[in-house]
Amino acid sequence: MDSLLPLLCLLLGIAIPLLVVGLVMRRGMHQLSAANTYRVVAERLGLSVDTRGISLQGHLDNRRIWIGGVMVGHGTERRTMTWGVVDLVRPLGLGLLVRRRGLSDRIFRRGRAPEIRLDDQELRRRLEVHGDAPEQVRRLLGPDVLAPLARLAARWPDVVLTDGSVRVHLKRPIADPDSLHALVDAMLELARALEHARQRVAPPPRLATVAKTWKPLATDLGLQLESWLPAMSGVRADRQVTVAAWRGERGYSATIRVGLRSGPELGLRIQPQRAPDGFWSVGQDIQLGDADFDNAFVVKGWDPITIRQLLDEETRETLLVAATSGELLVDDLQVRLRSVMLTPSEIRQAIRRCEDVAERLGR
């Protein structure tokens, strides 16, 4: 036995490095395969592919979509995870949070509202549901929503629904084009089902009187009132304008979106410096050499020279003024203000400021 010990040590010494090399090569091959997969699916769907890593992003059905790496956590717990995210066209306004039971709070914090018990015992066992208005949430989560939710969760169990998006947490990047495409289709199907179901649900009690206060404003601005959300939408100066109630960390407010006219795609992203939007914060920051502006915003784009020319002094000042009305976000398709006060006077002013930004951008 003693004579075999050196041989066993030798074999073990050879096996361990080979195993490590094999694992590294396997991971590398998966990364290469996944990168090609994301490129193929991005081309199929007309989305952008991040050539620096593994992600795809863009807009489908007027919805933002992102699948790729996301930095989550803080300090020593900060790490990269892979998420798929599809934004809803309008926020649901219910303080909704649906997730698999047992999903780590470090990945997604607990709901802002008390837990709501669904009638279906199997769903209660599998899903944790929170919302501001139990009656409205139960009605929202009817068979036409639960069916696509079940189909999505059958393949990708870590699904998270919020007022603003459908999210899927993935263990690693998907390396098969058909599977990645199927994930996109399943998330879009669920997003559409949520929005369709929301039209049959009355506003939560906290928003019951908002539609009445918005009606004169909608008429004055030439917008259509959608009292079920409540929301207002329509076209002003050839731009799509949408105003909707939004549930944020500090309660209910309004989110305003002013669509930009078609123009060259710049990969433009302007967002608050103090609160970067994790899964959209890819690429290098572009500094403008304006202390007030650079301290207020994170700016990203494909061509820094073009972006700096676009954001001249007057445009930067217009953006800073708009940001006094709420949390300002700008991309190639829209100007958006979140956390705007629900009063008609504040909304009117915020719409005008978003339109001013759109004019300065030449869109």
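Rules used throughout
Residues numbered from 1 in each chain as written. Predicted model: local features only at pLDDT ≥ 70, side-chain atom pairs only at ≥ 80, totals over all residues. Heavy atoms only, no water. Helix = DSSP H or I, 4+ residues; strand = E, 2+ residues; numbered from the N terminus. Buried < 20%, exposed > 50% of the residue type's maximum accessible area, 1.4 Å probe, protein only. Contact = heavy atoms within 4.5 Å. Areas by Shrake-Rupley, 256 points an atom, 1.4 Å probe, with all protein chains shown as cover. Pairing = 2+ DSSP bridges. Axes fitted to C-alpha atoms, helices over the stretch in contact; angles between N-to-C directions. Core = buried A, V, L, I, M, F, W, Y, C linked by side-chain atoms within 4.5 Å. Parallel < 35°, antiparallel > 145°, perpendicular 65-115°, else oblique. Left-handed = near helix turned anticlockwise from the far one by under 90°. Nonpolar A, V, L, I, M, F, W, Y, C, P; charged D, E, K, R; others polar. pLDDT = per-residue confidence, 0-100. Salt bridge = Lys/Arg side-chain N within 4 Å of Asp/Glu carboxyl O. Polar contact = N/O pair within 3.5 Å; in protein donor to acceptor, adjacent residues only side chain to side chain.

Caption draft 1: Broad picture of the overall build of the chain. Summing up its helical and strand segments, the chain has ten helices and 16 strands in all. In the chain, which comprises 363 residues, the share counted as buried stands at 51%. Contacts in the chain between residues far apart in sequence, at least 24 positions, make up 61% of those at least 6 positions apart. With the model as given, the accessible surface of the chain reaches about 18,300 Å², and the carbon-plus-sulfur share is 53%.

Caption draft 2: Molecular detail of the sheet that holds strand E11 (residues 239-248). Taken together, the eight strands give an open sheet; going across it, the order is E9-E10-E11-E12-E16-E15-E13-E14, and neighbouring strands pair in antiparallel fashion. Two strands in the sheet have a free side with no partner beyond their single neighbour: strand E9 (224-226) and strand E14 (297-300). Neighbour to neighbour, the strand axes of the sheet diverge by 15° on average, direction disregarded. In terms of strand pairing, strand E10 (residues 231-236) meets E11 through six bridges, oriented antiparallel. By the bridge assignment for E11, Met232 is matched with Val243. Along the sheet, helix H6 (residues 210-221) contacts E9, E10, E11 and strand E12 (251-259); its crossing angle with E10, the most-contacted strand, is approximately 5°. Sheet strands in contact with helix H9 (residues 313-322) are strand E13 (269-272), E14, strand E15 (327-331) and strand E16 (334-340), and its direction is about 135° off that of E15.

Caption draft 3: Region of interest: the nonpolar core. Core analysis: the biggest nonpolar cluster contains 46 residues, and Ile67, Leu140, Leu141, Leu152, Leu161 and Leu183 have the highest contact counts within it. Sorting elements by how many residues they give to this core places helix H5 (residues 177-198) first, with eleven residues. Sequence-distant contacts of Leu152, that is, excluding residues within four places in its chain, are made with Val159, Val166, Val168, Leu183, Ala186, Met187 and Leu190. Trp214, Ala254, Leu319 and Ala358 belong to the second-largest nonpolar core, a separate cluster that totals 40 residues.

Caption draft 4: Region of the structure containing the packing of helix H4 (residues 143-155) against H5. Viewed as axis vectors pointing N to C, H4 and H5 meet at an angle of 160°, and their least axial separation amounts to 9 Å. As judged from the angle between their axes, H4 and H5 are roughly antiparallel. Seen from above, H4 lies across H5 with left-handed handedness. Residues Asp144, Val145, Pro148, Leu149, Arg151, Leu152 and Arg155 of H4 form the contact with H5, whose own contacting residues are Ser179, Ala182, Leu183, Ala186, Met187, Glu189, Leu190, Ala193, Leu194 and Ala197. Broken down by class, the residue content of the contact of H4 with H5 amounts to twelve nonpolar, one polar and four charged.

Caption draft 5: Spatial organisation of the confidence of the model for the chain. This prediction gives the chain a mean pLDDT of 83; 80% of its residues lie at or above 70. Between the elements of the chain, mean pLDDT differs from a low of 62, seen in helix H1 (residues 5-45), to a high of 97, seen in helix H10 (residues 344-360). Note on residues 106-111: pLDDT is under 50 here. Beyond four places in sequence and across chains, it has 20 contacts. Note on residues 276-280: pLDDT under 50 across the span, and 17 contacts to partners over four residues away in sequence or across chains.

Caption draft 6: Inspection of the pattern of salt bridges at higher detail. For the structure on display, the rule yields 21 salt bridges. Arg64 serves as the salt-bridge partner of Asp87, at 2.8 Å between the closest nitrogen and oxygen. Placement of the pair is Asp87 in strand E4 (residues 79-87) and Arg64 in strand E3 (residues 63-72), with a sequence separation of 23 residues. In this structure, Lys300 and Asp285 form a salt bridge, with 2.6 Å as the shortest nitrogen-oxygen distance. Highlighted residues: Lys300 in strand E14 and Asp285 in the loop between E13 and helix H7 (291-296), separated in sequence by 15 residues.

Caption draft 7: Region of interest: the packing of H9 against H10. It is at 9 Å that the axes of H9 and H10 come closest, and there the two elements cross at 160°. Taken together, the axis directions place H9 and H10 in an arrangement best described as roughly antiparallel. As H9 runs across H10, the sense of the crossing is left-handed. Residue-level inspection shows Glu314, Thr315, Thr318, Leu319, Val321 and Ala322 of H9 in contact with H10, the latter providing Arg353, Asp356, Val357 and Arg360. Considered class by class, the residues forming the contact of H9 with H10 number four nonpolar, two polar and four charged.

Caption draft 8: Local environment of the environment of Asp144. Tracing the sequence through the fold places Asp144 in helix H4. Those residues in contact with Asp144, other than ones at most four positions away along the chain, are Ala193, Ala197 and Arg200. Here Arg200 takes part through its side chain, which lies 2.5 Å from a polar atom of the side chain of Asp144.

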